[in-house]
Amino acid sequence: MSKDASGFWRTQLTTFAVLFAGYASYTYNRKSVSFALPNLMKNGLLDKSAAGTISSSQNTAYAISKFLGGVLSDRISAKWLFFSGLVLSGGATILFSTTSSLTLFAALWFLNGFAQGAGWPACAKLLKKWFSPEQFGTFWSALSASSNVSGSLCPFLATWVIEHFDWRASLVVSGGVTITSAVCVAMLLTDSPIDAGFNKNFTPEASKKKTDGKSTAAQSTWRDLIKSPFLWVVSVVYLVVFAAKTSVTEWGQMYLIEDLGHSAFTGSGFISAVETGGFFGGIAAGYVTDWLMKKSGKKTAGNPRMFAAIWFMAGVAGFLFLLTTFVTTSTSQFFLTVIGFGLGACLYACIAIFGIVASESYPSHLSGTAHAVVALAANVGAILSGLPCSYVAQLYNWRAIFIILEILAAAAALFLAVFGKVSPGLPGDKPKSQ
């Protein structure tokens, strides 16, 4: 390996490490109020309806800003977009810890959600600039796993801080970690290899020119994009899986604590198991579907990754069935951990697959918009998991939410089995192979 190649590899790893830590901070910050919810409700500061209002305010803002972030990432520095989101979300969290008003809670968490939308679009753009198409799927899945690392460790950290101090201190810690990550981004991250001083031979575009040079898709527009049936198939199932993921991480511990009488640490342990499973599931999805892509070549209709998505969606339905049918007040921590791990693995595997196929199935000048469209659908699912689900819990119980999601996940798996072989790409394009 030449000196330049060795230096480029080290810079790539540094870029990935900063993105990994930064996005883990985004996730920790985004979930910080969820970790504090049992304490806030126990102290009478929130009821179920108010908790749903706060969750939906964040998810609504996140849905809007993630779409806008996808568009902005093509037009401004992805590094400074990533940095700005960290600073704004961290500041909103610290301010949240200083108030007790529901109106301010909702307003600040809306601001937090709006800032959060800058995170993943900036990551996706930076990954495309720093990693070749042959590396993209692997590093996408690995970077996605940063949210699982954060989600596995932070429930315990938040619970410890809350029990030894209070919920306000927990939010201050979360906000402080996020702002510290922003400082690291400003100091260590560079927008592209060229900006870092490497020549054009080290850019991903250099390897793409060999295959993209004669593509007629370069003349396509967003109007062609929205006519793609594959994009809407992905959007529908992404909405369902994101509603399930958000409900599990937002309300899973409330189900165990309020409906079944488990302890706060048991609830935190379940959420940690979900995120740990998600870490392995997301990475496994990348490797498994890369293998499917190489094995299938041009012989398979549609995107071969969608075959794996069918089974993972069925797994989501299966583990939700176990959660709602076999978990009781006396269920052991081990059994809860197994269910949480399996549920998280299937949920985050689906999320990784749908994100990858949305980005890789369209020309580079439309891939950001394509991902923004499916991400918008996903965040509609997240919004539905907020206030609407809290109303269901208020009318019935927390278990009712997961029964509904179990049915929707099974329906989504069937939907994929029927429509998952729709050709990816734009109308008139031939199916792509990797």
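The rules behind these values
Residues numbered from 1 in each chain as written. Predicted model: local features only at pLDDT ≥ 70, side-chain atom pairs only at ≥ 80, totals over all residues. Heavy atoms only, no water. Helix = DSSP H or I, 4+ residues; strand = E, 2+ residues; numbered from the N terminus. Buried < 20%, exposed > 50% of the residue type's maximum accessible area, 1.4 Å probe, protein only. Contact = heavy atoms within 4.5 Å. Areas by Shrake-Rupley, 256 points an atom, 1.4 Å probe, with all protein chains shown as cover. pLDDT = per-residue confidence, 0-100. Phe/Tyr/Trp six-rings, centres within 6.5 Å; stacked < 30°, edge-to-face > 60°. Axes fitted to C-alpha atoms, helices over the stretch in contact; angles between N-to-C directions. Parallel < 35°, antiparallel > 145°, perpendicular 65-115°, else oblique. Left-handed = near helix turned anticlockwise from the far one by under 90°. Nonpolar A, V, L, I, M, F, W, Y, C, P; charged D, E, K, R; others polar. Core = buried A, V, L, I, M, F, W, Y, C linked by side-chain atoms within 4.5 Å. Expected span 1.5 Å × (residues − 1). Polar contact = N/O pair within 3.5 Å; in protein donor to acceptor, adjacent residues only side chain to side chain. Salt bridge = Lys/Arg side-chain N within 4 Å of Asp/Glu carboxyl O.

A. Highlighting the overall build of the protein chain. Helices and strands together make up the secondary structure of the protein chain, namely 17 helices and 0 strands. Per-residue burial for the protein chain yields a buried fraction of 56% across its 434 residues. For the protein chain, the proportion of contacts with a sequence separation of at least 24, taken over those separated by at least 6, is 85%. For the protein chain, the computed accessible surface area is about 17,700 Å², with 68% contributed by carbon and sulfur atoms.

B. Structural context of the confidence of the model for the protein chain. On average, residues of the protein chain score 82 in pLDDT, and 88% of them are at 70 or above. Taken as a whole, residues 210-216 scores under 50 in pLDDT and shows 0 contacts with residues more than four places along the chain or in a different chain.

C. Inspection of the packing of aromatic side chains at higher detail. Applying the stated criterion across every chain, the model contains 22 aromatic pairs. Between the aromatic rings of Trp 251 and Trp 398, the centroid separation amounts to 5.0 Å while the plane-to-plane angle is 25°, which identifies the pairing as stacked. Of the two residues, Trp 251 sits in helix H11 (residues 229-259) while Trp 398 sits in helix H17 (residues 398-419), which places them 147 residues apart along the sequence. With respect to class, Trp 251 is no different from Trp 398; both count as buried. Where Phe 415 meets Phe 419, the ring centres are 5.0 Å apart and the plane angle is 45°; that geometry is what we call tilted. In this pair, Phe 415 and Phe 419 both sit in helix H17, 4 residues apart, roughly one turn of the helix. Here the aromatic cluster, defined as three or more aromatic residues joined through ring pairs, consists of Tyr 23, Tyr 26, Phe 82, Trp 120 and Trp 140.

D. Geometry of the environment of Ser 268. Note that Ser 268 resides in helix H12 (residues 264-296). Note on Ser 268: relative accessible area 3%, which makes it buried. Taking the C-alpha atoms as reference, Ser 268 lies 6.6 Å from Gln 253; in sequence the two are 15 residues apart.

E. Just the packing of helix H3 (residues 78-96) against helix H8 (residues 167-188), in detail. At a closest axis distance of 8 Å, the pairing of H3 and H8 adopts a crossing angle of 160°. Classified by the angle between their axes, H3 and H8 sit roughly antiparallel to one another. The hand of the H3/H8 crossing is left-handed. Within the contact between the two elements, H3 uses Lys 79, Trp 80, Phe 82, Phe 83, Leu 86, Val 87, Ser 89, Gly 90, Gly 91, Thr 93, Ile 94 and Phe 96 and H8 uses Trp 167, Leu 171, Val 172, Ser 174, Gly 175, Gly 176, Thr 178, Ile 179, Ser 181, Ala 182, Val 185 and Ala 186. Residue composition of the contact of H3 with H8, grouped by class: 14 nonpolar, 9 polar and 1 charged.

F. Broad picture of the environment of Met 293. In this structure, Met 293 sits in helix H12. Looking at Met 293, the relative accessible area reads 4%, which means it is buried. Each C-alpha atom of the pair Met 293 and Asn 303 lies 7.8 Å from the other, and the pair is 10 residues apart in sequence.

G. How the structure looks around the packing of helix H13 (residues 305-325) against H17. It is at 8 Å that the axes of H13 and H17 come closest, and there the two elements cross at 160°. If you check the angle between H13 and H17, you find them roughly antiparallel. The chirality of how H13 crosses H17 is left-handed. Mapping the contact onto sequence places Met 306, Ala 309, Ile 310, Met 313, Ala 314, Val 316, Ala 317, Leu 320, Phe 321, Leu 323 and Thr 324 in H13 and Arg 399, Phe 402, Ile 403, Leu 405, Glu 406, Ala 409, Ala 410, Ala 412, Ala 413, Leu 416 and Ala 417 in H17. Partitioned by chemical class, the residues of the contact of H13 with H17 number 19 nonpolar, 1 polar and 2 charged.

H. Broad picture of the nonpolar core. Among the nonpolar cores identified, the biggest contains 78 residues, and Trp 251, Phe 270, Met 313 and Phe 354 are the most heavily contacted of them. Apart from the residues within four sequence positions on either side, Trp 251 is in contact with Leu 37, Ala 51, Gly 52, Ser 55, Thr 246, Ser 385, Gly 386, Cys 389, Ser 390, Trp 398, Ile 401 and Phe 402.

I. Spotlight on the environment of Ala 51. When you line up the elements, Ala 51 lands in helix H2 (residues 48-72). Spatially, the C-alpha atoms of Ala 51 and Leu 37 are 7.4 Å apart, while their sequence positions differ by 14 residues. With near-sequence residues (within four places) excluded, Ala 51 lies in contact with Leu 37, Met 41 and Trp 251.

J. Fine view of H17. Given a rise of 1.5 Å per residue, 22 residues ought to cover 32 Å, and the 32 Å separating the end C-alpha atoms of H17 matches this to within 8%. Looking at H17, one finds that the buried residues are Trp 398, Ala 400, Ile 401, Phe 402, Leu 405, Glu 406, Ala 409, Ala 412, Ala 413 and Leu 416. Next to the buried residues of H17 lie H2, H11, H13, helix H14 (333-360) and helix H16 (387-395). Capping the start of H17, Asn 397 holds a side-chain oxygen 3.2 Å from the backbone nitrogen of Arg 399, two or three residues further along.

K. Structural view of the side chain of Thr 324. Following the sequence through the fold, Thr 324 ends up in helix H13. Engagement of the side chain of Thr 324 in a polar contact is seen with the side chain of Glu 406, the distance being 3.1 Å. Those residues within four positions of Thr 324 in sequence are excluded, and the remaining contacts are Tyr 255, Arg 399, Phe 402, Ile 403 and Glu 406.

L. Summary view of the pattern of salt bridges. By the definition in use, this model includes 1 salt bridge. One salt bridge connects Lys 31 with Glu 250, and the closest N-O pair in it is separated by 3.6 Å. Here Lys 31, found in helix H1 (residues 3-42), pairs with Glu 250, found in helix H11; they are 219 residues apart in sequence, far enough to count as distant. Here Glu 250 falls in the buried class, since its relative accessible area comes to 3%.

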